[in-house]
Amino acid sequence: MARTKDLFREILQINKKSVYDDHRVEITFPKGEEDCFDILITIEPASGNYAGARICFEMILPPDYPCSRPQLLCRTRNLLHSYINGERVCFSMFNGDWHQYYRVEHFI
């Protein structure tokens, strides 16, 4: 229960800030707030190659998060990026360099 409250608090802080550098961020729960371990992260860049796009990622947090790394999937189809292969996000922190001090905000 405490982990769920901590996760909600973290996501509320991210949604309250909503703008990071040059992109807007929104986090929602596609399966409802009762399943806060499956989250949808929508990023809207204001500049660069993806300016104006809505890029969606699904983050599935394991039951022992943050001790174990989450699964991050790109839900925006046909996105051409060197770190994205289909749905798979190829980034070191998802492929073995995970540390329990990482939080959702580190992915944004």
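These figures come from a predicted structure and were not determined experimentally.

As for the nonpolar core
Working step 1: Among the nonpolar cores identified, the biggest contains 24 residues, and Leu7, Ile27, Ile39, Ile41, Phe57, Met59 and Val104 are the most heavily contacted of them.
Working step 2: What Val104 contacts, discounting residues up to four positions off in sequence, is Leu7, Glu10, Ile14, Ile27, Ile39, Ile41, Met59 and Tyr65.

Some thoughts on the pattern of salt bridges
Working step 1: Applying the stated criterion to the full structure yields five salt bridges.
Working step 2: Arg24 is the partner of Glu44 in a salt bridge, and the nearest nitrogen-oxygen pair spans 3.8 Å. Remark: Arg24 occurs in strand β2 (residues 23–28) and Glu44 occurs in strand β3 (residues 38–45); sequence separation between them is 20 residues.
Working step 3: A salt bridge links Glu44 to Arg54; the shortest N-O distance between them is 2.4 Å.

Looking at unusual backbone geometry
Working step 1: The step from Tyr65 to Pro66 runs through a cis peptide bond, and the omega angle for that step is 10°.
Working step 2: Relative to the assigned elements, Pro66 resides in the loop between β4 (55–60) and β5 (71–74).

As for the pairing of β3
Working note: regular strand, side chains alternate between the two faces of the sheet.
Working step 1: Of all eight residues making up β3, six are buried, and the element is well covered by its neighbours.
Working step 2: Of the pairings in the sheet, the one linking β3 to β4 comprises six bridges and is antiparallel in character. Counted as the bridge partner of Ile41 is Phe57 from β4.

Structural notes on the environment of Leu61
Working step 1: Residue placement: Leu61 occurs in the loop between β4 and β5.
Working step 2: For Leu61, a relative accessible area of 5% corresponds to the buried category.
Working step 3: For the pair formed by Leu61 and Leu72, sequence separation is 11 residues and the distance between their alpha carbons is 8.7 Å.
Working step 4: If sequence neighbours within four positions are ignored, Leu61 has contacts with Leu7, Cys36, Phe37 and Pro70.

Quick look at the state of the cysteines
Working step 1: If you walk through the whole model with that rule in mind, you get zero disulfides.
Working step 2: A disulfide-free cysteine, Cys56 has its sulfur positioned 8.2 Å from the sulfur of Cys74, the nearest such atom.
Working step 3: Its relative accessible area of 18% is what places Cys56 among the buried residues.

Conventions used here
- Throughout, residues of each chain are indexed from 1 in the direction in which the sequence is written.
- It should be noted that, the model being predicted, local features are given only for residues of pLDDT at least 70 and side-chain atom pairs only at 80 or more, the latter also being counted only at that level, while totals for whole chains, interfaces and linings use all residues.
- As a rule here, side-chain values cover all heavy atoms of the structure and leave hydrogens and water aside.
- To qualify as a nonpolar core, a set must consist of buried Ala, Val, Leu, Ile, Met, Phe, Trp, Tyr and Cys residues joined through side-chain atoms within 4.5 Å.
- Under the scheme applied here, a residue whose accessible area is under 20% of the maximum for its type counts as buried, over 50% as exposed, and between as partly exposed, the area being computed with a 1.4 Å probe on protein chains only.
- In this analysis, two residues are considered to be in contact whenever any of their non-hydrogen atoms come within 4.5 Å of each other.
- Note on definitions: salt bridges are taken to be side-chain nitrogens of Lys or Arg within 4 Å of carboxyl oxygens of Asp or Glu.
- The way it works is that DSSP assigns letters per residue, a run of H or I at least four long becomes a helix, a run of E at least two long becomes a strand, and they are numbered from the N terminus.
- DSSP bridges decide pairing: two strands pair if at least two such bridges lie between them.
- When two cysteine sulfur atoms are found within 2.5 Å, that pair is recorded as a disulfide.

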